[in-house]
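# Fold and contact review
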Amino acid sequence: MYYIRPQTLAKALEAGEEPGMLYLAGGTDLILKLRRREVQARGLVDLQAVAELRQIRAGGDWLEIGAMVSFADLLNNDTAAQEARALWLACSSMGAPQIRNQATLGGNLANCSPAADSLPALLVLQAQVRLLSRSGEVLLPLAEVLGRTPLWQPGTLLAGFRLPLRAGVSGFAKLGRRQALAIARLSAAVALREENGRACGVRVAFGAAGKRAFLSLDLAEELNGLVLDRGFTELACRQAKKVISRALGERASAPYKKEAVAGVVREALRTMEFVTSGEHADVDRKGGRGNED
Amino acid sequence: MNDVIGGTVGGRVLREDAWGKVLGQAAFPADVRREGQIYAVAVRSPHAHARIRGLRLDEARKAEGVVAVLTSADVPHNGHGVLYRDQPVLVADHVRMAGDPVVLVGAETPAQARAAAGRVEVDYEVLPGLFDPEEAMKEEAPALHPEIHGGSNIVYHLPVYKGDTAKGWAEAEVTVERDYQTQMLDHAFLQPEAVLAYVDERGHLVVEVATQYAHYDRGEIAHALGLKFNQVRVRTRSVGGAFGGREDISLQIMAALMAWHTQRPVKMENTREESFYSHSKRHPMRMHYKTGATRAGKLTVMEARIVGDAGAYASWSPNILRKAAIHATGPYEIPHVRVDAYAVLTNNPYTGAMRGFGAAQPVLAYESQMDLLARELGLSPWEVRLRNIYRAGSETATGQVLSGSVGMEECLKAVKSYLGEVSGR
Amino acid sequence: MKIELKVNGVDRRLEVEPEERLLDILRERLHLTGTKEGCGEGECGACTVIMDGKTVNSCMVLAGQADGHAVTTIEGLGKRGSLHPVQKAFLEEGAVQCGFCTPGMVLSAKALLDRNPHPGKEEIAVAMSGNLCRCTGYDRILKAVERAAGEVEQ
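As recorded in an unreviewed UniProt entry, chain C goes by the name 2Fe-2S ferredoxin-type iron-sulfur binding domain protein, listed as coming from Acididesulfobacillus acetoxydans. Among the UniProt annotations of chain C, the heading Pathway (unreviewed entry) holds the following wording: "Alkaloid degradation; nicotine degradation."

Going by what an unreviewed UniProt entry lists, chain B is known as Aldehyde oxidase and xanthine dehydrogenase, a/b hammerhead domain protein and is assigned to Acididesulfobacillus acetoxydans.

### Considerations on the overall build of chain B
Each helix and strand counted, chain B has 13 helices and 15 strands in total. Summarising its shape, the C-alpha atoms of chain B cover approximately 75 × 70 × 35 Å along the three principal directions. In chain B, the proportion of contacts linking residues at least 24 apart, taken out of those at least 6 apart, comes to 78%.

### Details of the overall build of chain C
Helices and strands together make up the secondary structure of chain C, namely six helices and five strands. Beginning at the N terminus, the succession of helices and strands in chain C can be written as β-β-α-β-β-α-β-α-α-α-α. On C-alpha atoms alone, chain C measures out to a radius of gyration of 15 Å, which is about the 15 Å that the 2.2 N^0.38 rule sets for 154 residues. In terms of principal-axis extent, the alpha carbons of chain C reach across some 45 × 30 × 25 Å. Here chain C, with 154 residues, has 58% of them falling under the buried criterion. Of the contacts made within chain C by residues no fewer than 6 positions apart, 60% connect residues no fewer than 24 positions apart.

### Let's talk about the sheet that holds strand S1 (residues 38-44) of chain B
Residues and elements named next belong to chain B. Strand order in this open sheet of seven strands is S3-S5-S1-S12-S9-S10-S11, and the pairing throughout is mixed. Pairing within the sheet leaves two strands with one partner each, and these edge strands are strand S3 (66-70) and strand S11 (232-236). With direction set aside, neighbouring strand axes in the sheet form an average angle of 20 degrees. Across the sheet, helix H8 (residues 252-262) lies against S1, S3, strand S5 (101-107), strand S9 (194-199), strand S10 (205-209) and strand S12 (266-269), angled at about 30 degrees from S9, the strand it touches most.

### Thoughts on the UniProt feature "domain: Aldehyde oxidase/xanthine dehydrogenase a/b hammerhead" (unreviewed entry) in chain B
Using the residue numbers shown here, the UniProt feature "domain: Aldehyde oxidase/xanthine dehydrogenase a/b hammerhead" (unreviewed entry) corresponds to residues 23-128 of chain B. Summarising residues 23-128 of chain B: 12% helix, 32% strand, and an end-to-end C-alpha distance of 51 Å.

### Let's talk about the interface of chain B and chain C
Opposite the 24 residues of chain B that make contact, chain C presents 27 residues. Top contributing element to the side of chain B that touches chain C by residue count: helix H1 (residues 18-22) of chain B, with four residues.

### Considering unusual backbone geometry
Residue and element names in this part refer to chain A. Looking along the chain, the bond that leaves Thr149 and enters Pro150 is cis, with omega of -5 degrees. Note on placement: Pro150 falls in the loop between helix H9 (142-145) and strand S8 (157-164). Positive phi, close to 60 degrees, is recorded for Arg37, a residue that is not glycine. Classification of Arg37 as exposed rests on a count of 8 C-beta atoms within 10 Å.

### Notes on the interface of chain A and chain C
If you look at the interface, chain A gives 19 residues, while chain C gives 22 residues. Counting residues per element, the ones that place at least two in the side of chain A that touches chain C are strand S1 (2-4), helix H2 (30-35) and helix H6 (97-102) of chain A. Per-element accounting of the side of chain A that touches chain C gives the leading share, five residues, to H6 of chain A. Split by residue class, the side of chain A that touches chain C holds 10 nonpolar, seven polar and two charged.

### A word on helix H1 (residues 9-17) of chain A
All names here are of chain A. Of the positions making up H1, those classed as buried are Ala12, Leu13 and Gly16. Within H1, the buried residues cover an arc of 100 degrees as seen down the axis, which keeps them to one side. The inward-facing, buried residues of H1 abut strand S2 (21-24), strand S3 (43-46), strand S6 (128-133) and S8.

### Details of the domain arrangement of chain C
Residue and element names in this part refer to chain C. Under the domain assignment, chain C is made up of domain 1 (2-76) and domain 2 (85-153). The straight-line distance from the C-alpha centre of domain 1 to that of domain 2 is 21 Å. With 15 residues of domain 1 at the interface, the matching set in domain 2 holds 13 residues. Among the secondary structure elements, those contributing two or more residues to the side of domain 1 that touches domain 2 are strand S3 (48-51) and strand S4 (54-57). The residue inventory of the side of domain 1 that touches domain 2, partitioned by class, reads six nonpolar, seven polar and two charged.

### Digging into the domain arrangement of chain B
All names here are of chain B. Taken domain by domain, chain B comprises domain 1 (29-127 + 187-278) and domain 2 (135-185 + 281-419). Summarising the inter-unit geometry, the C-alpha centres of domain 1 and domain 2 are found 37 Å apart. Counting residues at the interface gives 17 residues for domain 1, matched by 20 residues for domain 2. Taken together, the residues of the side of domain 1 that touches domain 2 sort by class into six nonpolar, seven polar and four charged.

### As for the environment of Tyr138 of chain C
Residue and element names in this part refer to chain C. By secondary structure assignment, the location of Tyr138 is in helix H6 (residues 138-153). Given 15 C-beta atoms within 10 Å, Tyr138 falls into the partly exposed group. In this structure the C-alpha to C-alpha distance between Tyr138 and Ala95, which are 43 residues apart in sequence, comes to 7.8 Å.

### A closer look at the packing of helix H11 (residues 230-248) of chain A against helix H12 (residues 254-270) of chain A
Residues and elements named next belong to chain A. Relative orientation of the contacting elements H11 and H12 amounts to 145 degrees, with a least axis distance of 8 Å. Seen along the crossing, H11 lies across H12 with a hand that is right-handed. Seen from H11, the contacting residues are Thr233, Ala236, Cys237, Ala240, Lys241, Ile244, Ser245 and Leu248; seen from H12, they are Ala254, Lys257, Lys258, Glu259, Val261, Ala262, Val265, Arg266 and Leu269.

### Overview of the sheet that holds S3 of chain A
Sheet strands pair via backbone hydrogen bonds, and the direction of the pair is either parallel or antiparallel. Residues and elements named next belong to chain A. Sheet architecture is open: three strands sit in the order S1-S3-S2, paired in parallel fashion. Of all the strands in the sheet, the pair left with one neighbour each is S1 and S2. Neighbour to neighbour, the strand axes of the sheet diverge by 25 degrees on average, direction disregarded.

### Describing helix H7 (residues 214-225) of chain B
Residues and elements named next belong to chain B. With 12 residues, H7 ought to run about 16 Å at 1.5 Å a step, and its terminal C-alpha atoms sit 16 Å apart, in line with that. When we look at burial in H7, the residues that qualify are Asp217, Arg218, Glu220, Ile221, Ala222, Ala224 and Leu225. Contact partners of the buried residues in H7: S10, S11 and H8. Taken from the residues just after H7, Gly226 is the one with a positive phi, measuring 70 degrees.

### So, the environment of Val10 of chain C
One can find Val10 of chain C in strand S2 (residues 10-15). Considering only alpha carbons, one finds Val10 of chain C and Met60 of chain C, 50 residues apart in sequence, at a separation of 22 Å.

### Section: the pairing of S11 of chain B
Residues and elements named next belong to chain B. For S10 and S11, the ladder comprises five bridges, and the chain directions are parallel. Bridge assignment links Val206 to a residue of S11, and that residue is Arg233. Once the chain exits S10 it traverses H7 before rejoining the sheet at S11, and the crossover so formed is right-handed.

### Things to note about the pairing of strand S11 (residues 198-207) of chain A
Residues and elements named next belong to chain A. Burial runs high along S11: seven of the 10 residues are buried. Pairing analysis gives eight bridges linking strand S10 (residues 186-195) to S11, with the strands arranged antiparallel. Paired with Glu195 across the two strands is Arg198, which belongs to S11. Between S10 and the antiparallel strand that follows it, S11, lie two residues; Asn196 among them carries a positive phi value of about 50 degrees. For S11 and strand S12 (residues 214-215), the ladder comprises two bridges, and the chain directions are antiparallel. Looking at S12, one finds that Phe206 is bridged to Phe214. Taking the residues that link successive antiparallel strands as the turn, the S11-S12 hairpin has six residues, and the phi of Ala208 there is positive, at about 60 degrees.

Here is what the cut-offs are and how they apply
- Residues numbered from 1 in each chain as written.
- Chains lettered and ligands numbered in written order.
- Predicted model: local features only at pLDDT ≥ 70, side-chain atom pairs only at ≥ 80, totals over all residues.
- UniProt positions renumbered as here; feature names shortened; annotations may be inferred.
- Helix = DSSP H or I, 4+ residues; strand = E, 2+ residues; numbered from the N terminus.
- Contact = placed C-beta atoms within 7 Å.
- Rg over C-alpha atoms; globule rule 2.2 N^0.38 Å.
- Buried ≥ 20, exposed ≤ 12 C-beta atoms within 10 Å, placed from the backbone.
- Pairing = 2+ DSSP bridges.
- Axes fitted to C-alpha atoms, helices over the stretch in contact; angles between N-to-C directions.
- Nonpolar A, V, L, I, M, F, W, Y, C, P; charged D, E, K, R; others polar.
- Arc of directions from axis to C-beta.
- Domains from an automatic or database assignment.
- Left-handed = near helix turned anticlockwise from the far one by under 90°.
- Expected span 1.5 Å × (residues − 1).
- Right-handed = clockwise from strand over helix to strand, strands pointing away.

Here you go:
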């Protein structure tokens, strides 16, 4: 295996076209996979020196986030904290400080673990994915990219994400076995706009409930246009159970996650300040423990 | 800081070893090296129960940098263990748990050792495993250690009987009967096992290791290698956590064997995954409890059957199940008691010492029983305990009369205000 | 491959294998064994070092990635007689048990105090959350960081 560190996008693309070459972002997933021999590489193209990939920029109607932006970089960015709340929350819950300093948002998508923390948030924030290759640049909705296997063709370089600005409010919550260093057992992101007290443009996405993070169009449709009160939260929690139940089918984790999702959605809504969260958490807890005694 | 460090009784003391630790100078065994050291890696069984039909070692022996490839045939006395020498240094033919070491590869670099270990071929005949201790203790279950432990997998049974349980049941007005089960746990001490073994200028075998039990290690190394005690020196390096998990032999004898065989310094370092394979676990216990009390909330009788899963090797199982039996009543005075505790061999990872040493598991059972009794009696969990705790003069289930220093009552009273409104639900 | 990095203020030029990790380079090539390997997969934080002012798990940084960067290990902090305030606080607060997590803990605390000399309890807890202590001495460790923050202030 050999290692190169190109300084420009053009050089990086050229190097990545060679067979057997892999792009190296933060490396917190790839290095482990290489060491476990789950992935083979003839060489690594380290993207750390390509300045364009490290930028977070707000301009016009868009927030641009480079693929090499680390989780810690994003947490330190005020625009992202305001405009991409769900993503900011997802980044703050990922790993531990050491991992957040090193791991990148581009790497999180490229690795595409079922539990990838940033993906449900990016989905509800309507992220577009910027892909570069010899044939030029394309922008694709993240939801579309996540529907493909592989995510993109060899020789493609993930350059970053583009998110619409002023698209409403968003929230995120995650269920882990502990606070730090926890891989998500289940995560949920929600985004919407408030118009005259009603929810518009609702988007809900889930992580760690199936092979990849996904948007639930059904759930979004059910919630669109509803008054943003306690009933909204209760309905969202109730319907989320059905979504997760369908998504997980017979998996061993299904009985647990289809109950747990109500709490995760409630928490995600709570992180969006103006939505009435409904303090009826005890209702769900009782529901979940019905046949315990 | 305001208070003075030093002085005698009541003074603050700085840990002597803390200096080296905050400076990063404390030497754990992976941190020490000797000129010319080679690296050894164990090839471990992926199967929990198997016969070894054959080994193919040619490819490993030919691999780059390989110095030696050792098997059970190279071990003069192939057994070690704190109570019984039932655990092989390298398995000859009978694999009893996943992670049992079969072949030991020594090479010039860690990468070469791992690469060569990957070229060792072991032909296993996979056997059905005994994973349930209740099944393993049945008479018809195949014995896992017929040579050492005889025809039964029960390596230990301790009955603790006191009084007359029939009388106790006759007096009982309330009965609670339940089954409890605890899980297997790993100590997960932060420093994975590592050893540096070498032959010194006097021709003595020196083994530098993080261990809880240096004198025992020396005996087991000497025995396995057919050496005299005075030919083996075990040097304890900084120990990166242990919690009971470093009482048994892990890599010590393998590293020593490789050093003795090659006459070169040998380093062995477990990865975290290998570490999970190579030390004991906490005993999972199944506990059937039946407890009786009067309406006034006085315990009259308790019967318990405790089955501890010893895993593949005995390790400290007898001592641990002894402790479980002795502590089975908890700190409560019960006139009529019948406890049977068993340690049973299975093909699970072997279990041994871990914080509490068998006294930790029955807590779940006896304290849950107290809570359930409180509910039955309409008393608070605190009250039902107060009516039954050991006091000076109490007699335990083993007949020990507690003559003094019994702090339970004071303790219960001291915590009462922190418990809030606790009711019998 | 050749790499150049600054370790504890000293420029190092090294010939390494691309598969090697920063952890391997520190321990095996530079014999800076104060950096520990506890899990090899970024879970425990025993291998924490400071790279360009930020903590990283050196078990998840490849040699090439570290090329051109400045690394601080535990050996780069104080000495007997001139302890770093964090080391002094760990010593005096009794925040050391088996000691295997200590170098990583000390470096996480140092990186925090370099960035923010007056952290609150919550910020300290977050900064230390990537370092496991299996002896479970967290309370003393967090107190030691608070104490060190007080010393830095003076």
